[in-house]
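Spelled out, the chains give:
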Amino acid sequence: MGKFLVEKCGPLSGEVEISGSKNAVLPIMAAALLAEGRCEINDVPALRDVDVMCRLLRSMGSVVTEDYENATISIETEKIVAEEVPYELVKRMRASFFVMGPLLAKTGRAKIAQPGGCAIGERPIDLHLKGLRILGAQITEGHGYVEAVAEKLHGGKVYLDFPSVGATENIMMAATLAEGVTVIENAAEEPEIVDLANFLNKMGARIKGAGTDTIKIEGVEAMHGTRHTVIPDRIETGTFMVAAAITRGDILIRNVVPDHVKPVIAKLVECGVVIEDTDEGMRVRGNVNPLISTDIKTLPYPGFPTDMQSLFMALLATTEGPSVVIETVFENRFMHVGELNRMGANIKIDGKSALIPGQRKLLGAQVISTDLRAGAALVLAGLTAEGVTEVSEIYHIDRGYEKFKEKLNGLGAKVSRIDD
Ligand code: UD1
């Protein structure tokens, strides 16, 4: 399954280029199913999840060309030949569920294996289904599958009880070809939603308000192919910002939208990190001040991202003074705490809160990457830990970080990989 061996290193320094966003490109690829004609997507990261989405689209009849040398893929679907997604694909990647909205809108039917729970919680899909029902879909759930059928979707008003990213995206995609106007209230406001809406609008959709809590979609008859460049990955950006901080280094991060990482900037500055926006990118210095503790509460965008929580916890284990981290988005996103504690972090969990005493000298240990971001957090912890840290089950990291080892080593880290 593969392991990273991470040796303690000095302060990281140099430049790193951020790849296109995983969480933006996956729904965009699914949305390409809606087009009559070819879509070209640029700045696509070479990731395991992207590969799974390519396989999924091919199984539905799309012709997908992958050119990772140029970070470009193209998708063209003359005819959708299958409207079913098997568990084999959904269990590999929950984002397979993104094809539900486009399939239903385009063919009137979608049957998708029900995504189960995962390492970070139960992760229900009730809000996706609530929205699709309001748009006129008949939904049947059973035997591990969800089936949605609708001769023609129609517009409707959907209030999301929680601003779910995936539900907002699925409903927005389905509504593009529905008859009439759909309004999504309490919609998620993440930059990936805006990127998806921009892509759909270039295809001929009529979407307004993406990036606010109310999105209005006026249905159109048909959509055409287009070309789109994916936004930079804000979580990869945050990961390298934390890498600079945890090693007390000095890194220039290229291909960044500073607005997308505002809460990460704010919290690092509270810790004493110096961050500068320059013409070439974002310079992050963890070597100017002694770093101190801060408290964090994860929230939907523009609040502090849950995907950065484990990475900050690794950092806060090393800063001066105690910190409290509260996770409000997922119910079970502290799986990395046991692993960080094996490295000496001494973190205590009480319900949704974690108390991090800080000021620890971490020690290399054998640890398990329990999910994508947890895996990255353990690698960053390993950069400062005495000795060698062995991070196993790194297929999670391959899902979402392009060339993670190479990018870190380019900054002076000593990470090697053993594949079995
Ligand atoms: C997306 C991101 C993921 C990120 C998360 C929150 C992708 C591919 N993944 O996941 O990296 O951590 O947003 O920023 O974009 N919920 C329900 N019912 C639903 C849907 C969600 O109760 O129908 C709950 C979830 O259980 C969770 C919360 O809403 O507690 C947030 O989930 P959601 O925003 O949907 O996350 P994802 O879209 O799955």
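K.L.:
So what about the site of the ligand? Which residues, and what values?
P.N.:
Taken together, 17 residues lie around the ligand, and Asp126, Leu127, Ser164, Asp307 and Val329 are the ones closest in. One of the backbone N or O atoms of Pro124 is found 3.3 Å from an oxygen atom in the ligand. Interatomic distance of 2.6 Å between a side-chain N/O atom of Ser164 and an oxygen atom of the ligand. Contact with the protein chains hides 84% of the accessible area of the ligand, taken as 740 Å² for the molecule alone. Elements with a contribution of two residues or more to the shell around the ligand: helix H5 (126-134) and helix H6 (165-175).

K.L.:
Describe H5, and please don't skip the residues or the numbers.
P.N.:
Burial in H5 covers these residues: Leu127, His128, Leu129, Gly131 and Leu132. Buried positions along H5 lie against helix H4 (100-107), strand E9 (138-142), strand E10 (145-149), strand E11 (157-159) and H6. Remark: Gly136 follows H5 within two positions and exhibits a positive phi of approximately 105°.

K.L.:
Summarise the layout of surface pockets; cite the residues concerned and give the values.
P.N.:
Taken as a whole, the second largest pocket encloses approximately 300 Å³ of empty space. Along the wall of the second largest pocket there are 15 residues; nearest its centre are Lys8, Ile246, Thr318, Lys361 and Thr384. Looking at side-chain class alone, the lining of the second largest pocket contains 5 nonpolar, 5 polar and 5 charged residues.

K.L.:
Run through the domain arrangement of the protein chain, naming residues and quoting values.
P.N.:
Segmenting the protein chain into domains produces domain 1 (3-19 + 232-418) and domain 2 (22-229). Here domain 1 and domain 2 have C-alpha centroids that lie 30 Å from each other. Summed over both partners, the interface of domain 1 with domain 2 buries about 1800 Å², with 55% contributed by carbon and sulfur atoms. It is Tyr301, Arg399 and Glu402 that lose the most area in domain 1 upon contact with domain 2, and together they represent 30% of the buried surface on that side. Scanning the region where domain 1 abuts domain 2 turns up 2 salt bridges. The salt bridge partner of Asp49 is Arg399, with a shortest N-O separation of 3.1 Å. Put simply, domain 1 and domain 2 have 7 residue pairs in polar contact (both at pLDDT 80 or more) between them. Where the side of domain 1 that touches domain 2 is concerned, the elements lending two or more residues are helix H12 (372-384) and helix H13 (395-400).

K.L.:
I'd like a description of the packing of aromatic side chains, backed by residues and values.
P.N.:
Counted under the stated rule, the structure contains 3 aromatic pairs. A ring pair is formed by Phe240 and Phe404, whose centres lie 6.1 Å apart and whose planes are at 75°; its orientation type is edge-to-face. Remark: Phe404 occurs in helix H14 (residues 404-409) and Phe240 occurs in helix H8 (residues 234-246); sequence separation between them is 164 residues. The pair formed by Phe240 and Phe404 is uniform in burial state, with each residue classed as buried.

K.L.:
I'd like a rundown of the nonpolar core, residues and numbers included.
P.N.:
The biggest cluster of nonpolar side chains holds 79 residues, and the ones touching the most others in it are Met29, Ile41, Met53, Val99, Leu153, Met172 and Leu200. For this core, the leading source of residues is helix H1 (residues 22-31), giving 7 residues. Those residues in contact with Ile41, other than ones at most four positions away along the chain, are Val25, Ile28, Met29, Ala71, Thr72, Ile73, Ile75, His228 and Val230. Cys271, Leu315, Leu316 and Leu380 belong to the second largest nonpolar core, which has 66 residues in total.

K.L.:
I'd like a rundown of the side chain of Glu192, residues and numbers included.
P.N.:
As for its position among the elements, Glu192 is in helix H7 (residues 191-202). Residue classification places Glu192 among the buried residues on the basis of a relative accessible area of 5%. A distance of 2.8 Å separates polar atoms of two side chains, one belonging to Glu192 and the other to Arg234. Discounting residues that sit within four places of it in the chain, Glu192 has contacts with Ser21, Asn23, Ala24, Glu169, Ile231 and Arg234.

K.L.:
Before we move on, can you summarise the sheet that holds strand E20 (residues 296-297) with the specific residues and values?
P.N.:
Pairing is mixed across the open sheet formed by 4 strands, whose spatial order is E20-E21-E23-E22. A single partner strand is all that each edge strand has here, and the edge strands are E20 and strand E22 (348-350). Judged from the 2 bridges that link them, E20 and strand E21 (residues 323-326) form a sheet pairing that is parallel. Residue pairing across strands places Lys297 opposite Ile326, the latter belonging to E21.

K.L.:
Tell me about helix H2 (residues 48-59), and please be specific about residues and values.
P.N.:
Relative to the 16 Å expected for 12 residues at 1.5 Å per residue, H2 spans 17 Å between its end C-alpha atoms, a close match to the ideal helical length. Within H2 the residues assigned to the buried category are Asp49, Val50, Val52, Met53, Cys54, Leu56 and Leu57. Turning to H2, the residues buried within the fold contact H1, strand E5 (63-67), strand E6 (72-76), strand E7 (84-85), helix H3 (87-90) and H13. In the segment just after H2, Gly61 is the residue with positive phi, at about 110°.

K.L.:
Can you explain the sheet that holds strand E14 (residues 214-218)? Please cite residues and give values.
P.N.:
Strand order in this open sheet of 4 strands is E11-E12-E14-E13, and the pairing throughout is mixed. At either end of the open sheet lies a strand with only one pairing partner, and these are E11 and strand E13 (206-208). Neighbour to neighbour, the strand axes of the sheet diverge by 15° on average, direction disregarded. Examined bridge by bridge, strand E12 (residues 181-185) and E14 share 5 bridges and lie antiparallel to one another. Residue pairing for E14: Glu185 is matched across the bridge by Thr214.

K.L.:
Tell me about the pattern of salt bridges, residues and numbers included.
P.N.:
Two side chains that carry opposite charge are able to pair once their charged atoms sit near each other. Summed over all chains, the structure comprises 27 salt bridges. Note that Lys405 and Glu406 form a salt bridge whose closest N and O atoms lie 4.0 Å from each other. Linking Arg417 and Asp419 is a salt bridge whose minimum nitrogen-to-oxygen distance equals 2.9 Å. One salt-bridge network, in which partners are shared between bridges, spans Glu83, Glu84, Arg109 and Glu147.

Cut-offs used in this document
- Residues numbered from 1 in each chain as written.
- Predicted model: local features only at pLDDT ≥ 70, side-chain atom pairs only at ≥ 80, totals over all residues.
- Heavy atoms only, no water.
- Near = heavy atom within 4 Å.
- Polar contact = N/O pair within 3.5 Å; in protein donor to acceptor, adjacent residues only side chain to side chain.
- Areas by Shrake-Rupley, 256 points an atom, 1.4 Å probe, with all protein chains shown as cover.
- Helix = DSSP H or I, 4+ residues; strand = E, 2+ residues; numbered from the N terminus.
- Buried < 20%, exposed > 50% of the residue type's maximum accessible area, 1.4 Å probe, protein only.
- Contact = heavy atoms within 4.5 Å.
- 1 Å grid on protein atoms, 1.4 Å probe; cavity = no way out; pocket = protein on both sides within 12 Å on 5 of 7 lines; lining within 4 Å.
- Points joined across faces, edges and corners; volume = space filled by probe spheres on them.
- Nonpolar A, V, L, I, M, F, W, Y, C, P; charged D, E, K, R; others polar.
- Domains from an automatic or database assignment.
- Buried area = accessible area lost by both parts, 1.4 Å probe.
- Salt bridge = Lys/Arg side-chain N within 4 Å of Asp/Glu carboxyl O.
- Phe/Tyr/Trp six-rings, centres within 6.5 Å; stacked < 30°, edge-to-face > 60°.
- Core = buried A, V, L, I, M, F, W, Y, C linked by side-chain atoms within 4.5 Å.
- Pairing = 2+ DSSP bridges.
- Expected span 1.5 Å × (residues − 1).
- Axes fitted to C-alpha atoms, helices over the stretch in contact; angles between N-to-C directions.

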